[in-house]
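Architecture and fold: a report
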Amino acid sequence: QVQLVESGGGLVEAGGSLRLSCTASGTHSRINVMYWYRQSPGKQREMIAQMYNSGDTDYADSVKGRFTMSRDSSATRVWLDMNNLKQEDTAVYYCKRFENGADYWGQGTQVTVSA
């Protein structure tokens, strides 16, 4: 079973920066896609970033230009660098890995952006 663990969440002031990490264990294939999602109370879970096997990335319009996704060479650890944070970015952030036809989710890490 693939397991993902997110870390790096916390409280940050608007305009600040934060770096989230996601570490995967039990992986079996380097052919994969990694994602970052977030979910705020009362809202649907939103995909905000993804990284293809090639290393190319896509971002949601809401975070484009502010957030950057990166990975290590094995794609077993990914990061999300968040800059110029806004109150609207407050959410639980989740890491997801797609591998061998299945999705694997982390438990999430809370990011709270204060005014």
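This section reports on the structure supplied with the text. (Residues numbered from 1 in each chain as written. Predicted model: local features only at pLDDT ≥ 70, side-chain atom pairs only at ≥ 80, totals over all residues. Heavy atoms only, no water.)

**Here we look at the sheet that holds strand E3 (residues 18–25)**
- Across the sheet, four strands lie side by side as E1-E3-E8-E7; this open sheet has antiparallel pairing. The open sheet has two edge strands, strand E1 (3–7) and strand E7 (67–71), and neither has a second partner. Averaged over all pairs of adjacent strands, the angle between strand axes in this sheet comes to 15 degrees, irrespective of strand direction.
- The sheet contact formed by E1 and E3 spans five bridges and is antiparallel. (Pairing = 2+ DSSP bridges. Helix = DSSP H or I, 4+ residues; strand = E, 2+ residues; numbered from the N terminus. Axes fitted to C-alpha atoms, helices over the stretch in contact; angles between N-to-C directions.)

**Regarding the pairing of strand E9 (residues 91–99)**
- In terms of burial, E9 is a largely internal element, seven of the nine residues being buried.
- In terms of strand pairing, E9 meets strand E11 (residues 109–114) through three bridges, oriented antiparallel. Of the residues in E11, the one forming a bridge with Ala91 is Val111.
- Two elements, E9 and strand E10 (residues 102–105), share four bridges in a ladder whose sense is antiparallel. Within E10, the position partnered with Lys96 by the bridge is Trp105. (Buried < 20%, exposed > 50% of the residue type's maximum accessible area, 1.4 Å probe, protein only.)

**Thoughts on the nonpolar core**
- Of all hydrophobic cores here, the largest spans 26 residues; its most connected members are Leu20, Trp36, Phe67, Met69, Leu80, Met82 and Tyr93.
- Where this core is concerned, the elements lending two or more residues are E3, strand E4 (33–39), strand E5 (46–51), E7, strand E8 (77–82), E9 and E11.
- Leave out the neighbours within four places in its chain, and Met82 touches Gly16, Ser17, Leu18, Leu20, Arg66, Phe67, Tyr93 and Val111. (Core = buried A, V, L, I, M, F, W, Y, C linked by side-chain atoms within 4.5 Å. Contact = heavy atoms within 4.5 Å.)

**Topic: the state of the cysteines**
- Tallying each qualifying case throughout the model produces one disulfide.
- Between the sulfur atoms of Cys22 and its disulfide partner Cys95 the distance amounts to 2.2 Å. Taking the sign of the S-S torsion, about -80 degrees here, the bridge from Cys22 to Cys95 comes out left-handed. Linking Cys22 in strand E3 with Cys95 in strand E9, this pair joins segments that are 73 residues apart in sequence. By the burial criterion, Cys22 is buried, and Cys95 matches it. (Disulfide = S-S within 2.5 Å.)

Worth remembering: the numbers are spatial, not functional.
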